[in-house]
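A structural walkthrough
Each chain, written out:
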Amino acid sequence: MEKIGAVPAQSAQTVVVGHFDVHGVCAAYLAAKAFGASEVYCNYPATSPESLINTLQNLYAAAPTKLRIVIVDVPVDLKNPSAFVRGLEDLVLRHEVILIDHHESSVQFLASFNRVRTVFLGPSALTLNEWLLSMIPNATDTDRILSTLGAIGDRDPLVVQRGLFSRELQEIADGLDVLVRERDGALRVARLLLQDPTALLNEARSRANQIPAAQLLQRIGPVAVAQGPLPTGWGPKALEKLAFAVGAWYAVGWGVDERTKQPVVRAIIRWDIAARMQSLPLPGVIAKQLWPTRNVIGHPAAPSVAAVSEAEAQEMTLTWARALADGATRSAAPSVTTFIPEARVSELFVELLQRIEQVLEEQRRMYSEYLELKRRQVELLERTGARGRAAD
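Residues numbered from 1 in each chain as written. Predicted model: local features only at pLDDT ≥ 70, side-chain atom pairs only at ≥ 80, totals over all residues. Heavy atoms only, no water.

**Re helix 2 (residues 52-60)**
Every α-helix winds through 3.6 residues per turn, so residues three or four apart in the chain are directed the same way. Among the residues making up helix 2, those that are buried are Leu52, Ile53, Thr55, Leu56 and Tyr60. Buried residues of helix 2 fall within an arc of 160° about the axis and therefore sit on the same side. Looking at the buried residues of helix 2, the elements they touch are strand 1 (14-18), strand 2 (39-41), strand 3 (68-72) and helix 3 (81-91). (Buried < 20%, exposed > 50% of the residue type's maximum accessible area, 1.4 Å probe, protein only. Helix = DSSP H or I, 4+ residues; strand = E, 2+ residues; numbered from the N terminus. Arc of directions from axis to C-beta. Contact = heavy atoms within 4.5 Å.)

Right, dumping it as structure tokens:
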């Protein structure tokens, strides 16, 4: 990882280009403040890995003055990595280019860059954001909130492990997801964040309810089974919202694939639960065990499996739900085990010995009282017996 150093001088004209998702727009906002950017650009599909080079050439190749172009949260295009590297290297002939990323898929290509300055801060989205945050002079609470919101958008487990997660922030991140999915939404969000971040966050909070929650069909242990079909376009998100609403660890349901128009079964594990209970089985792992010949698509935490009919999709939904419930039951006990830090072992051992000593002392006291009581009983019996004999 290369360190960029201090915030660039304001006289250098800087533009920031970011990915078009929630993390991308939040990271672009932080980078714009850190580098004093005059322009920020995030949009779908223009700032996808596949489209980035053409977008940069169209926007900046013919710029009249030299620019500093800061690219954040856009991974190397895995479909054509050599063209991606070559495109950025060609851009350096006219402008300064800085690539800041956290995706592990980019690591293998970073050594291919010669003139492009690369900064890898992964795999955590939060780590990237906090590095940018550290470069902002007099960072505000809003800056810190956006750093966390961007990482929540990427479902970064470090957010939970650091105690930064809350349902309120989850709701705002969901609202941002609604906004960036609109036509030119990422561009609008990125620019409004720089103009009035508080107003934009309030808008995001009010729009979160536009993500439809799947409806609960039944509960199988820690698994929520959704009524089918799932809301179009929001399958995994609708399942996640259902899981949060009913307090389930997992949610499973079926819907219709927008591209193929065929039935598809989906499952998710709540990302905050997965971060806290890392021994829980992931839906993708269970799916491959259940259907080894089927193509399990997507991230293991939120995969999908195609079905041949609605009837099969319904059957697969219940099968998947039962298997997840069984797997969670088997793994839950180790997940709640309390591990004692090595540094505290001797301290806790002393506390244990002291407690045992207290218990033993209490037992000695109670036994002494018992003996005293027995002694008095014997004396009473002896006196009673003596008075009886005297009366005779």
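**Regarding the pattern of salt bridges**
Within this structure, the stated rule accounts for 19 salt bridges. Across the pair lysine 237 and aspartate 177 runs a salt bridge whose closest N-O atoms are separated by 3.3 Å. Remark: aspartate 177 occurs in helix 8 (residues 167-181) and lysine 237 occurs in helix 11 (residues 235-246); sequence separation between them is 60 residues. Side by side, lysine 237 and aspartate 177 carry an identical accessibility label, which is buried. Of the charged contacts in the structure, one is a salt bridge between glutamate 182 and arginine 207, with a shortest N-O distance of 2.1 Å. With a gap of 25 residues between them, glutamate 182 in the loop between helix 8 and helix 9 (185-195) and arginine 207 in helix 10 (residues 197-207) connect regions that are remote in the sequence. Classification of glutamate 182 as partly exposed rests on a relative accessible area of 32%. If you follow the salt bridges from partner to partner, you end up with Arg155, Asp174, Asp177, Arg181, Lys237 and Glu240 in one network. (Salt bridge = Lys/Arg side-chain N within 4 Å of Asp/Glu carboxyl O.)

**Quick notes on the packing of aromatic side chains**
All told, the structure shown has four aromatic pairs when counted by the stated rule. Residues phenylalanine 165 and phenylalanine 244 carry aromatic rings whose centres are separated by 6.4 Å and whose planes lie at 20° to one another, so their mutual orientation is stacked. Within this pair, whereas phenylalanine 165 is found in the loop between helix 7 (157-161) and helix 8, its partner phenylalanine 244 is found in helix 11, the two being separated by 79 residues in sequence. This pair shows no difference in class: phenylalanine 165 is buried, exactly as phenylalanine 244 is. Ring plane angle 90° and centroid distance 5.2 Å describe the contact between phenylalanine 165 and tryptophan 271, whose orientation is recorded as edge-to-face. Placement of the pair is phenylalanine 165 in the loop between helix 7 and helix 8 and tryptophan 271 in helix 12 (residues 271-276), with a sequence separation of 106 residues. Residues phenylalanine 165 and tryptophan 271 agree in their burial class; the two are buried. (Phe/Tyr/Trp six-rings, centres within 6.5 Å; stacked < 30°, edge-to-face > 60°.)

**Remarks on the environment of asparagine 129**
By secondary structure assignment, the location of asparagine 129 is in helix 5 (residues 125-134). Look at asparagine 129 and you get buried, because its relative accessible area is 0%. With 98 residues separating them along the chain, asparagine 129 and alanine 31 place their C-alpha atoms 8.5 Å apart. Discounting residues that sit within four places of it in the chain, asparagine 129 has contacts with His23, Ala27, Leu30, Leu146, Ser147, Gly150 and Ala151.

Don't take any of this as a statement about function, it's just geometry.
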